[in-house]
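Below are the chains, spelled out letter by letter.
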Amino acid sequence: MKRYNITVNGTAYDVEVEEITDGAQVSSAPAAAPKAAPKAAPKAAPVADGTKITAPMPGMILDVKVAVGDTVKKGQAMFVLEAMKMENDVNAVCDGKVLSVNTSKGTSVETGTVLAVIG
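Conventions adopted
Along each chain, the written sequence defines residue order, and numbers are assigned to residues from 1. Two thresholds apply to this predicted model, a pLDDT of at least 70 for residue-level local features and 80 or more for giving and counting side-chain atom pairs, whereas whole-chain, interface and lining totals are computed over all residues. Computation of side-chain values: all heavy atoms of the structure, hydrogens and water removed. Each helix is a run of H or I in the DSSP string that is no shorter than four residues. Each strand is a run of E no shorter than two, and both are numbered from the N terminus. Classification of residues uses two cut-offs on accessible area relative to the type maximum, computed with a 1.4 Å probe and protein chains only: under 20% is buried, over 50% is exposed, and between them is partly exposed. What makes two residues a contact is simply this: any of their non-hydrogen atoms within 4.5 Å. Here the accessible surface of atoms and residues is derived via Shrake-Rupley with a 1.4 Å probe, and residues count as covered only by protein chains that are part of the display. A carboxyl oxygen of Asp or Glu within 4 Å of a side-chain nitrogen of Lys or Arg is what we treat as a salt bridge. Strands were regarded as paired on the criterion that DSSP finds at least two bridges between them.

A. Structural detail: the overall build of the chain. Within the chain, the secondary structure is distributed over 0 helices and 12 strands. Overall, the chain shows an N-to-C arrangement of helices and strands of β-β-β-β-β-β-β-β-β-β-β-β. Counting over 119 residues, the chain shows a buried share of 20%. The contacts in the chain between residues at least 6 apart in sequence include a share of 52% that link residues at least 24 apart. For the chain, the accessible area works out to roughly 8200 Å², and carbon and sulfur atoms hold 55% of it.

Below, the structure is given as structure tokens:
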């Protein structure tokens, strides 16, 4: 048996793999009790309280159209996100003041990444 730590979507798993050759087991050792998986690496610093603007899909930030302190209106473009060779606007979901901008031009982001917070 060989033991591996595998991370899938940010969750770590401790797995055992049994090698089989020509349909016969190579190792007949009993499986060990499962070991607690190591904790995933800590996420980025916490974001400000307010309405979070998140990436709707994975991609790269091509443009940041707002700065901290700017006032935005619902529907206003805040970021340009390139995904699958298409440029997509990420818009404000409410009126308010930009409390934080958590990304920058050229950054790759995953779905759900907090891009900004509106208060």
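B. Main features of the pattern of salt bridges. All chains considered together, the criterion is met by 1 salt bridge. Linking Glu16 and Arg3 is a salt bridge whose minimum nitrogen-to-oxygen distance equals 2.6 Å. You can see Glu16 sitting in strand β2 (residues 11-17) and its partner Arg3 sitting in strand β1 (residues 2-8), a full 13 residues away along the chain.

C. View of the sheet that holds strand β9 (residues 86-91). One open sheet holds the 4 strands; their spatial order is β9-β8-β6-β11, and the pairing between them is antiparallel. Strands at the two margins of the open sheet, each flanked by one partner only, are β9 and β11 (108-109). Bridge count for strand β8 (residues 77-83) against β9 is 6 bridges, and the pairing is antiparallel. Each bridged residue has a counterpart across the sheet, and for Glu82 the counterpart in β9 is Glu87.

D. Focus on the sheet that holds strand β10 (residues 96-101). Spatially, the 4 strands line up as an open sheet ordered β5-β12-β10-β7, and their pairing is antiparallel. A single partner strand is all that each edge strand has here, and the edge strands are β5 (51-54) and β7 (71-72). Summarising the sheet, β5 and strand β12 (residues 114-118) pair through 4 bridges and their orientation is antiparallel. In the strand pairing of β12, Lys52 is matched with Val117.

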